[in-house]
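If you want the building blocks of each chain, they are given just below.
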Amino acid sequence: EECSPSKIESLVFGDLHLEHIKEWRDKTLDKFSCQLEYPLWKVPYSTLLEDLELSQVPCSISGSTVDSVAVGTTFDRDFYER
């Protein structure tokens with residue numbers, strides 16, 4: 001299938017470094033002939049943190065797989081540097 005102006009032309013993903021997920025998306029979504037965009041791919045965490053700080057958008061943890069990080073915790077430079 002092809003994407004047309006009346007349909008989705010591109011898909012944008014926020015993946016940073018999970019190669020197997022990117023490969024799966026590239027392989028699986030290729031059949032739709034849409035542009036796949038990964039604007040954050042392999043951008044250093046320090047660069048992303050600077051951008052987040054400059055934006056002044058509050059950011060909080062929405063999910064965690066470790067007991068030491070509570071959902072709702074503010075994500076900022078102090079948290080990052082722990």
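Calculation criteria
Residues numbered from 1 in each chain as written. Predicted model: local features only at pLDDT ≥ 70, side-chain atom pairs only at ≥ 80, totals over all residues. Heavy atoms only, no water. Helix = DSSP H or I, 4+ residues; strand = E, 2+ residues; numbered from the N terminus. Rg over C-alpha atoms; globule rule 2.2 N^0.38 Å. Buried < 20%, exposed > 50% of the residue type's maximum accessible area, 1.4 Å probe, protein only. Contact = heavy atoms within 4.5 Å. Areas by Shrake-Rupley, 256 points an atom, 1.4 Å probe, with all protein chains shown as cover. Phe/Tyr/Trp six-rings, centres within 6.5 Å; stacked < 30°, edge-to-face > 60°. Lys NZ or Arg CZ within 6 Å of the ring centre and 35° of its normal. Arc of directions from axis to C-beta. Salt bridge = Lys/Arg side-chain N within 4 Å of Asp/Glu carboxyl O.

Caption draft 1: Looking closely at the overall build of the protein. When you go through the protein residue by residue, the secondary structure sums to three helices and two strands. Relative to the compact-globule value of 12 Å for 82 residues, the protein shows a C-alpha radius of gyration of 17 Å, a clear excess of over 25%. Structurally, the protein occupies a C-alpha span of about 45 × 30 × 20 Å along its principal axes. Looking at the protein as a whole, 15% of its 82 residues are labelled buried. Sequence separation of 24 or more characterises 49% of the internal contacts of the protein that already satisfy a separation of 6 or more. For the protein, the accessible surface area stands at approximately 6600 Å², while carbon and sulfur atoms represent 53% of it.

Caption draft 2: Structural view of the packing of aromatic side chains. Throughout the structure, instances matching the rule amount to three aromatic pairs. Chaining the aromatic ring pairs together yields one cluster made of Phe-13, Tyr-38 and Trp-41. When the ring centre of Trp-41 is taken as reference, the NZ or CZ atom of Lys-22 above it lies at 5.6 Å.

Caption draft 3: Region of the structure containing helix 1 (residues 19-29). Of the residues making up helix 1, those classed as buried are Lys-22, Arg-25 and Leu-29. What you see down the axis of helix 1 is that its buried residues fit within an arc of 65°, all on one side. Among the exposed residues of helix 1, those oriented more than 90 degrees off its buried face are His-20, Trp-24 and Lys-27. Structurally, helix 1 contributes buried residues whose contacts are with strand 1 (10-12) and strand 2 (35-37).

Caption draft 4: Expanded view of the pattern of salt bridges. Under the definition given, this model contains five salt bridges. One salt bridge in this structure joins Arg-77 and Glu-53, with 2.8 Å as the shortest N-O distance. In this pair, Arg-77 is assigned in helix 3 (residues 77-80) and Glu-53 in helix 2 (residues 45-55), connecting sequence segments 24 residues apart. With its nearest N and O atoms 3.5 Å apart, the salt bridge here joins Arg-77 to Glu-81.

Caption draft 5: Just unusual backbone geometry, in detail. Of note in the backbone geometry, Ser-33 takes a positive phi value of approximately 55° without being a glycine. The topology assignment puts Ser-33 in the loop between helix 1 and strand 2. Even without a glycine there, the phi angle at Lys-42 is positive, about 60°. Secondary-structure assignment places Lys-42 in the loop between strand 2 and helix 2.

Caption draft 6: Structural detail: the environment of Arg-82. Within the fold, Arg-82 resides in the segment after helix 3. Given a relative accessible area of 65%, Arg-82 falls into the exposed group. Between the C-alpha atom of Arg-82 and that of Gly-63, which follows or precedes it by 19 residues, the distance is 17 Å. Contact partners of Arg-82, with chain neighbours within four places excluded, come to Ser-68 and Thr-73.

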